[in-house]
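If you want the building blocks of each chain, they are given just below.
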Amino acid sequence: MARYWLMKTEPGVVGIDDVLAMPKKTVDWWGVRNYQARNFMRDQMQVGDGVLFYHSSCPEPGIAGLAEVASTAYPDRTQFDPKSAYHDPKSTPEQPRWVNVDVRIVKKTRLVGLDELRAHPELANMRVLQRGNRLSITPVDPAEWNFIVERLIKGRK
DNA sequence: GCCAACGTTGGC
DNA sequence: GCCAACGTTGGC
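A short tour of the structure in this document, coming up. (Residues numbered from 1 in each chain as written. Chains lettered and ligands numbered in written order. Predicted model: local features only at pLDDT ≥ 70, side-chain atom pairs only at ≥ 80, totals over all residues. Heavy atoms only, no water.)

In this section: the environment of P121. Note that P121 resides in the loop between α4 (114-118) and β8 (137-139). With 14 residues separating them along the chain, P121 and K107 place their C-alpha atoms 25 Å apart. (Helix = DSSP H or I, 4+ residues; strand = E, 2+ residues; numbered from the N terminus.)

Attention shifts here to the nonpolar core. Formed by 22 residues in total, the largest nonpolar core has its most connected members in M7, W29, M45 and I137. Elements that contribute at least two residues to this core include exactly β1 (4-9), α2 (16-20), α3 (35-44), β3 (50-55), β4 (62-69) and β7 (102-113). Ignoring sequence-local partners within four residues, the contact set of M45 consists of W5, M7, F40, V69, V101 and I137. By size, the runner-up hydrophobic cluster in this structure holds 19 residues, among which are I63, V112, L114 and L152. (Core = buried A, V, L, I, M, F, W, Y, C linked by side-chain atoms within 4.5 Å. Buried < 20%, exposed > 50% of the residue type's maximum accessible area, 1.4 Å probe, protein only. Contact = heavy atoms within 4.5 Å.)

Our focus in this paragraph is the protein's contact with DNA strand C. Around DNA strand C sit K8, Y54, S56, S57, P61, L114, R118, N133 and R134, and those are all the residues in its vicinity. Considering the 4 Å shell around the protein, atoms of DNA strand C inside it are sugar or phosphate in 77% of instances. Within the side chain of Y54, a nitrogen or oxygen atom sits 3.0 Å from a phosphate oxygen of DNA strand C. A distance of 2.9 Å separates a phosphate oxygen of DNA strand C from a polar backbone atom of S57. (Near = heavy atom within 4 Å. Polar contact = N/O pair within 3.5 Å; in protein donor to acceptor, adjacent residues only side chain to side chain.)

Let us look at the protein's contact with DNA strand B. As a structural note, the neighbourhood of DNA strand B is formed by N34, Y35, R131, G132 and R134. The share of sugar and phosphate among atoms of DNA strand B within 4 Å of the protein is 81%. Interatomic distance of 2.7 Å between a side-chain N/O atom of R134 and a base oxygen of DNA strand B. Residue composition of the surface near DNA strand B, grouped by class: one nonpolar, two polar and two charged. (Nonpolar A, V, L, I, M, F, W, Y, C, P; charged D, E, K, R; others polar.)

By the element assignment, T78 lies in the loop between β5 (74-75) and β6 (99-100). The class for T78 is buried, based on a relative accessible area of 7%. Looking at T78, its side chain comes within polar contact range of the side chain of R33, at 3.0 Å. With near-sequence residues (within four places) excluded, T78 lies in contact with W30, G31, R33, S84, Y86 and H87.

So, on to the pairing of β4. In terms of burial, β4 is a largely internal element, seven of the eight residues being buried. With six bridges connecting them, β3 and β4 associate as antiparallel partners. Note that in β4 the partner of V51 across the bridge is A67. Once β3 ends, the chain turns through six residues before running back antiparallel as β4, passing S57 with a positive phi of about 50 degrees. Bridge analysis of β4 against β7 gives seven bridges, and the strand direction is antiparallel. Directly across from G62, in β7, lies its bridge partner G113. (Pairing = 2+ DSSP bridges.)

Once that is clear, we can look at helix α5 (residues 142-154). Listing the buried residues of α5 in full gives E144, W145, F147, I148, V149, L152 and I153. Each element contacted by the buried residues of α5 is listed here: β1, β3, β4, β7 and α4.

This is the structure we're talking about:
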């Protein structure tokens, strides 16, 4: 059964326009260094799962588009690169610690900002709206996904 | 720049 | 295994 996720990225590093410019509009979701987020990718994500592509740490935080999981998890290339800020000296190709999936943009949408998300009681339980939330990948309820896609994206302007 | 939240580290 | 200190995230 398909699942739904919200995945955060900093548009100053890799934003939705950067991914649209890539071959197949697909990016490897490198750089996750949190075990809970890693485990979501490793243990639960399946090709075709829905993704809310979220911009964070930027002037306009919010959902910037719809995407989908385009691969199962495989080792994150940056963990082996000594020059990368994401290098993990304790990780080896034989026993990689960090993985990522590929994410493909389905469509860029208008920016659905945090304030707008907060305005709807139907979305009040979303992890991304909770105070102090830091987890970069969070599951999204089917009802929340449907509300956002049907009411906030397709249903408006 | 502030600070809440929380994951990670390391001494014991 | 505990837990204080430290580091990071991310909205404001």
